[in-house]
Amino acid sequence: MAFDIDIIKKVYQQMPKRIDKAREIVGKPLTLSEKILYNHLWDSIPSEPFQRGKDYVDFAPDRIACQDATAQMALLQFMQAGKKKVAVPTTVHCDHLIQAKVGASKDLQFALNNSNEVFNFLESVSNKYGIGFWKPGAGIIHQVVLENYAFPGGMMIGTDSHTVNAGGLGMVAIGVGGADAVDVMAGMPWELKFPKLIGVKLTGTLSGWTAPKDVILKVAGILTAKGGTGAIVEYFGPGAESMSCTGKGTICNMGAEIGATTSTFGYDASMERYLRATDRNDVADAANEVKEYLTADTEVYANPEQYFDELIEINLSELMPHLNGPFTPDLATPVGTMTEKAQSNDWPLKVEWGLIGSCTNSSYEDLSRAASIAQQALDKGLKTKAEFGINPGSEQVRYTADRDGILNVFEKLDAKIFTNACGPCIGQWARYEDPKNAPKNSIVHSFNRNFAKRADGNPNTHAFVASPEMVAAIAISGRLDFNPITDTLINENGDAVKLDEPTGFELPEKGFAVEDAGYLAPVDDGSELEVVVAEDSERLELLTPFVPIGNDISGAKLLIKAYGKCTTDHISMAGPWLRYRGHLDNISNNCLIGAVNAFNMKTNFVKSQLSGEYDAVPKTQRAYKAAGIYTVVVGDHNYGEGSSREHAAMEPRHLGFAAVIVKSFARIHETNLKKQGMLGLTFANEADYDLIQEDDTFNFLDLNEFAPGKPLTIEVVHADGSKDIISVNHTYNNSQIEWFNEGSALNLIKKQNA
Ligand code: MIC
Ligand code: SF4
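What comes next concerns the included structure. (Residues numbered from 1 in each chain as written. Chains lettered and ligands numbered in written order. Predicted model: local features only at pLDDT ≥ 70, side-chain atom pairs only at ≥ 80, totals over all residues. Heavy atoms only, no water.)

### Overview of the overall build of the protein
In plain terms, the rule: Helix numbering and strand numbering both begin at the N terminus, where a helix is a DSSP run of H or I of at least 4 residues and a strand a DSSP run of E of at least 2. This radius of gyration counts C-alpha atoms alone. The globule rule is 2.2 Å times how many residues there are, raised to the power 0.38. Using a 1.4 Å probe on the protein chains alone, a residue whose accessible area is under 20% of its type maximum counts as buried, one over 50% counts as exposed, and one in between counts as partly exposed. Residue contacts are defined here by distance: any two heavy atoms, one from each residue, within 4.5 Å place the two residues in contact. Residue burial considers only the protein chains on display, and all accessible areas are found by Shrake-Rupley using a 1.4 Å probe. Within this scheme the basic residues Lys and Arg register as positive and the acidic residues Asp and Glu register as negative, but His and the chain ends are omitted. To locate a charge, take NZ of a lysine, CZ of an arginine, CG of an aspartate or CD of a glutamate.
Of regular secondary structure, the protein possesses 25 helices and 31 strands. Over its C-alpha atoms the protein spans a radius of gyration of 25 Å, differing by no more than 12% from the 27 Å that the globule rule assigns to 754 residues. Referenced to the eigenvectors of the C-alpha coordinate spread, the extents of the protein come out at roughly 75 × 60 × 55 Å. Counting over 754 residues, the protein shows a buried share of 63%. Put simply, 76% of the contacts in the protein that link residues at least 6 apart link residues at least 24 apart. Working note: accessible area of the protein is about 26,100 Å², and carbon and sulfur atoms make up 47% of it. Here the protein carries 69 positive and 96 negative side-chain charges, and the mean point of each set is 1 Å from the other.

Structure representation (structure tokens):
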């Protein structure tokens, strides 16, 4: 039986009436995305349709999921909101704080010892406020959500950008910063700009070496890392129906890498099979009763160009396996064309590690397909030339794969089985003693992100993203340009052998099994429970409210002009810094240390206008703060790409920045800045980025007239006294301006509650 089945039934019950009404006001057949969005409006269906990409809309998500690294800040904020219990079902999942080093049981024990304080904090806050708690080792948030909570036609938010994974079960699932989650936990609506819609029609069928991963690797190549910004990607067509539910999850998961708000698929037989296999007949039966509301109207998929803002068509029968990377997930290379590309770019062709797992590709099907390749290596007398590591997605997947002999196949090939957790995907990989000075090398993995330093902290690691079956093949061959479709390998007898196409099981033939899934339900009434945070803790710190920045910003200094890609990993690195996710002052010491200074192309080396000296970004910034001087950060396109971590906004706010001015923002990061009461602005004229010089001072001329839709004017004073007047745009609506005026969204909630 499913968790919270009553809520799911309620969503289905109100669906026909609300969606029929929505169709009336929109005046034409509806996409699946619109159906889910309209069915989850906070208010009743309006008399006019919303304008995509323009109107801010209040939604009522059905549930919330948080992972350990972001939950700390989210729950520290929620504790300030003055509520007794969360208003909608919420879960916390312990997965990010577990290092991968020697193997599952030792690594898990190390994490339990090492992060005990944080796990205890999360467990006790969860218990107090009615939140379901998934213990360390239970699995990666998005696999656990897919297995237990996701349901067709539902809407959820999660404090992790890959919350979108649940689109594989036909949800609209969206990654948000903790402050957004706090709104919903506190019983308030959740606000989102009504998204645009991108349709992806999948024809043909996957076969041979091509996997669902290749669909999204291809889409990433087409749309690029910011091409999905502000949009929901809706997949449909015969190719979609022929794919497994977890395969759909993989495609939706990596939609985060094109900046998409989320991605989704219409309810179909694969989803029904998955629901039944994961012990949720009740959800499948309920969904079957409202089937036509859980997918788009027929006319939409028949004539998609009339209903989507943008349309892409991919023929799966012609799709090739891809390798995307290095350093960005949208640099797509079809297998078979790698040699030349790698040589001309000087990417190491020798591969040192192949890693399978992460929230993206750690389903039973993924492991079984990769194992079919590993088994061939054993049968054909091959060994892995690269090292090989596996992170199962959940305890249920791990237990079942172990029972069915899948893990044993990997082990026979000397693979390391790591804990069911994020591990190497988020810099929790103890690969080197001194990562900063580690050698240049290539790795392949089935994760979703491959930004510099992300996996192992080594700036010289070239990480490439591929399907689990390709990762297995490359780990065996040890070469980045290995093409299993055409190439042979020499085995231990000196014979040339070829790998056959992968095979696998969509779902375990004997069903899923697990002994202890790792779930702890909260007590019914936790109001008497106390949550203690030690005063001298270096890992947890209660929050103090931010003081409003105010309308008079003058004399603000440039802290850094960031050059090129500046993701949340550059702004607030994960890996070793995950340690301080619950301690705002301590984690602020990583603020922007990965961003490249446009004036000297170095990281963490900026000029202080106070002393004229160059020093680390956080140190320089703390000196400005001590002197009572505001600062400004300038950046390029898609600033804040990647994670949902609000630390990337809270640190600048805590350290005393006033504004971030960039060419364009990634959605979650822009909202996070607003929520924390900062200014997130974009150059009205992109070329003005080039006007900004190292010793610049910023005077905001008309912030006292801050209003929706009205650009702001800034006087930029250069070192020689010359000035430029620039215009900047913003997307603040009235309530978001209120957050700025109050100092943060949380300050406003507290004021309203009082
Ligand atoms: C990631 O994949 O970057 C993370 C780590 O899961 C983040 C969340 C975080 O920074 O804690 C995400 O994707 O939102
Ligand atoms: Fe964890 Fe990696 Fe997935 Fe983020 S992308 S949730 S770090 S497995």
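### What to know about unusual backbone geometry
Geometrically, the link from G325 to P326 is a cis peptide bond, its omega value of 0 degrees lying close to zero. Here P326 lies in the loop between β12 (322–324) and β13 (332–334). If you check the backbone angles, N638 has positive phi at about 55 degrees while not being a glycine. Mapping N638 onto the fold places it in the loop between β26 (631–635) and α22 (647–655). Judged by relative accessible area, N638 falls into the buried class, the value being 7%.

### Let's talk about the pattern of salt bridges
Close approach of charged atoms lets side chains of opposite charge pair. Cut-off, in case you're wondering: Here, a salt bridge means any Lys or Arg side-chain nitrogen found within 4 Å of an Asp or Glu carboxyl oxygen.
Throughout the structure, instances matching the rule amount to 38 salt bridges. Close ionic contact of D309 with R52 constitutes a salt bridge, the shortest N to O distance being 3.2 Å. One end of the pair, D309, is in the loop between α13 (298–302) and β11 (310–315); the other, R52, is in the loop between α2 (32–39) and β1 (56–59), with 257 residues separating them in the sequence. For K248, the salt bridge is made with D268, and the minimal N-O distance between the two is 2.8 Å. With K248 in helix α10 (residues 245–253) and D268 in the loop between β10 (262–265) and α11 (269–277), the pair connects residues that are 20 residues apart, well separated along the chain.

### Considering the side chain of R667
For clarity, the threshold we go by: N or O atoms within 3.5 Å of each other form a polar contact, as long as, within protein, one can give a hydrogen and the other can take it, and as long as residues adjacent in sequence are counted only when both atoms are side-chain atoms.
Looking at where R667 falls in the secondary structure, it is placed in helix α23 (residues 667–675). At 5.9 Å, D180 is the nearest oppositely charged side chain to R667, a buried residue that forms no salt bridge. A polar contact is formed between the side chain of R667 and the backbone oxygen of G175, at a distance of 3.0 Å. Contact partners of R667, with chain neighbours within four places excluded, come to I174, G175, L192, T229 and T261.

### Points about the site of ligand 2
Going by this rule: Summary of the distance rule: residues count as near a molecule or strand when at least one heavy atom falls within 4 Å of that molecule or strand. All amino acids are sorted into three groups, where Ala, Val, Leu, Ile, Met, Phe, Trp, Tyr, Cys and Pro are nonpolar, Asp, Glu, Lys and Arg are charged, and the leftover types, Gly among them, are polar.
With respect to spatial proximity, the complete set of residues near ligand 2 consists of H96, H142, D160, H162, S358, C359, C422, C425, I426, N448 and R454. Looking at the shell around ligand 2 residue by residue, the class counts come to 4 nonpolar, 5 polar and 2 charged.

### Here's the deal with the pairing of strand β18 (residues 461–465)
Quick reminder of the rule: For two strands to be treated as a pair, DSSP must find at least two bridges joining them.
Most of β18 is tucked away: 5 of the 5 residues are buried. In β18, alternate side chains face the same way, and those of T461, A463 and V465 on one face and H462 and F464 on the other are all buried. Where strand β17 (residues 441–445) meets β18, 5 bridges bridge the pair, whose relative direction is parallel. Note that in β18 the partner of N441 across the bridge is T461.

### Things to note about the packing of aromatic side chains
Heads up, the condition is: Centre distance within 6.5 Å is the pairing criterion for rings of Phe, Tyr and Trp, where only the six-membered ring of Trp is used; planes under 30 degrees apart are then read as stacked, over 60 as edge-to-face, and the remainder as tilted.
If you walk through the whole model with that rule in mind, you get 24 aromatic pairs. A ring pair is formed by F3 and Y149, whose centres lie 4.7 Å apart and whose planes are at 40 degrees; its orientation type is tilted. Of this pair, F3 sits in the segment before α1 (5–26) while Y149 is found in the loop between α6 (141–148) and β5 (155–159), placing the two residues 146 residues apart along the sequence. Assessed through its relative accessible area of 27%, F3 is described here as partly exposed. For the pair F683 and Y689, a centre-to-centre distance of 6.5 Å together with 85 degrees between the ring planes defines the contact as edge-to-face. For Y689, a relative accessible area of 6% gives the class buried. Among the aromatic residues, those joined into a ring-pair cluster are F3, W134, Y149 and Y519.

### Quick word on the sheet that holds strand β4 (residues 132–134)
This is how it is decided: For helices, the axis comes from a line fit to the C-alpha atoms of the stretch in contact; other axes are also lines fit to C-alpha atoms, and the angle between any two N-to-C directions lies between 0 and 180 degrees.
Read across the open sheet, the 6 strands follow the order β6-β5-β2-β3-β4-β21; overall the sheet is mixed. Each edge of the sheet is formed by a strand with only one pairing partner; in this case those strands are β6 (172–175) and β21 (519–520). Lying on the sheet, helix α5 (residues 116–129) is in contact with β3 (90–93), β4 and β21; it crosses β4 at an angle near 155 degrees.

### Let's talk about the side chain of T264
Mapped onto the elements of the fold, T264 is located in strand β10. Non-local contacts of T264, meaning those with residues more than four positions away in its chain, are made with L32, S33, G167, G170, M171, I232, V233, E234, Y235 and C252.

### Looking at the nonpolar core
Rules: The nonpolar core is taken to be a set of buried Ala, Val, Leu, Ile, Met, Phe, Trp, Tyr and Cys residues, with the residues joined through side-chain atoms within 4.5 Å.
Counting residues in each nonpolar core, the largest one holds 180 residues, and the members touching the most others are Y12, L202, Y235 and F410. It is α1 that contributes the most residues to this core, 9 residues altogether. Leave out the neighbours within four places in its chain, and Y12 touches F151, P152, V283, A286, A287, V290 and L294. Core analysis: the second largest hydrophobic core is formed by 48 residues, A562, V633, F657 and L679 among them.

### Re the site of ligand 1
Taken together, 14 residues form the shell around ligand 1, and within it D160, S161, R454, S644 and R645 come nearest. The side chain of H96 places a nitrogen or oxygen atom 2.8 Å from an oxygen atom of ligand 1. Here S644 contributes a backbone N or O atom positioned 2.8 Å from an oxygen atom of ligand 1. Out of a free accessible area of 330 Å², ligand 1 has 97% covered by protein chains.

### Looking at the packing of α11 against helix α12 (residues 281–289)
Keep this limit in mind: By definition in this entry, angles of less than 35 degrees are roughly parallel, angles greater than 145 are roughly antiparallel, angles of 65 to 115 are roughly perpendicular, and the rest are oblique.
Contact geometry of α11 with α12 gives a least axis separation of 7 Å together with a crossing angle of 150 degrees. It follows that α11 is roughly antiparallel to α12 by the angle criterion. Together, E272, L275 and R276 of α11 and N281, V283, A284, D285 and N288 of α12 make up the contact between the two elements. Partitioned by chemical class, the residues of the contact of α11 with α12 number 3 nonpolar, 2 polar and 3 charged.

### A few points about the environment of N586
Mapped onto the fold, N586 is located in helix α20 (residues 584–587). A residue is classified by how much of its surface remains accessible, and N586, at 21% relative accessible area, is partly exposed. Sequence-wise, N586 and E541 are 45 residues apart; in three dimensions their C-alpha atoms are separated by 9.1 Å. Those residues within four positions of N586 in sequence are excluded, and the remaining contacts are E538, W577 and Y580. In terms of polar contacts, N586 uses its side chain to reach the backbone carbonyl oxygen of E538, at 2.9 Å.

### Focus on α23
Working note: α-helix, 3.6 residues per turn, so residues spaced by three or four point in the same direction. With respect to burial, α23 is a largely interior element, 8 of its 9 residues being buried. Considered for burial, the residues of α23 that qualify are R667, I668, H669, E670, N672, L673, K674 and K675. Once α23 ends, the next one or two residues include G677, with phi positive near 80 degrees.

### Examining the environment of K135
Among the structural elements, K135 can be located in the loop between β4 and α6. Classification of K135 as partly exposed rests on a relative accessible area of 29%. Between the C-alpha atom of K135 and that of G518, which follows or precedes it by 383 residues, the distance is 5.3 Å. With near-sequence residues (within four places) excluded, K135 lies in contact with C94, D516, G518 and L520.

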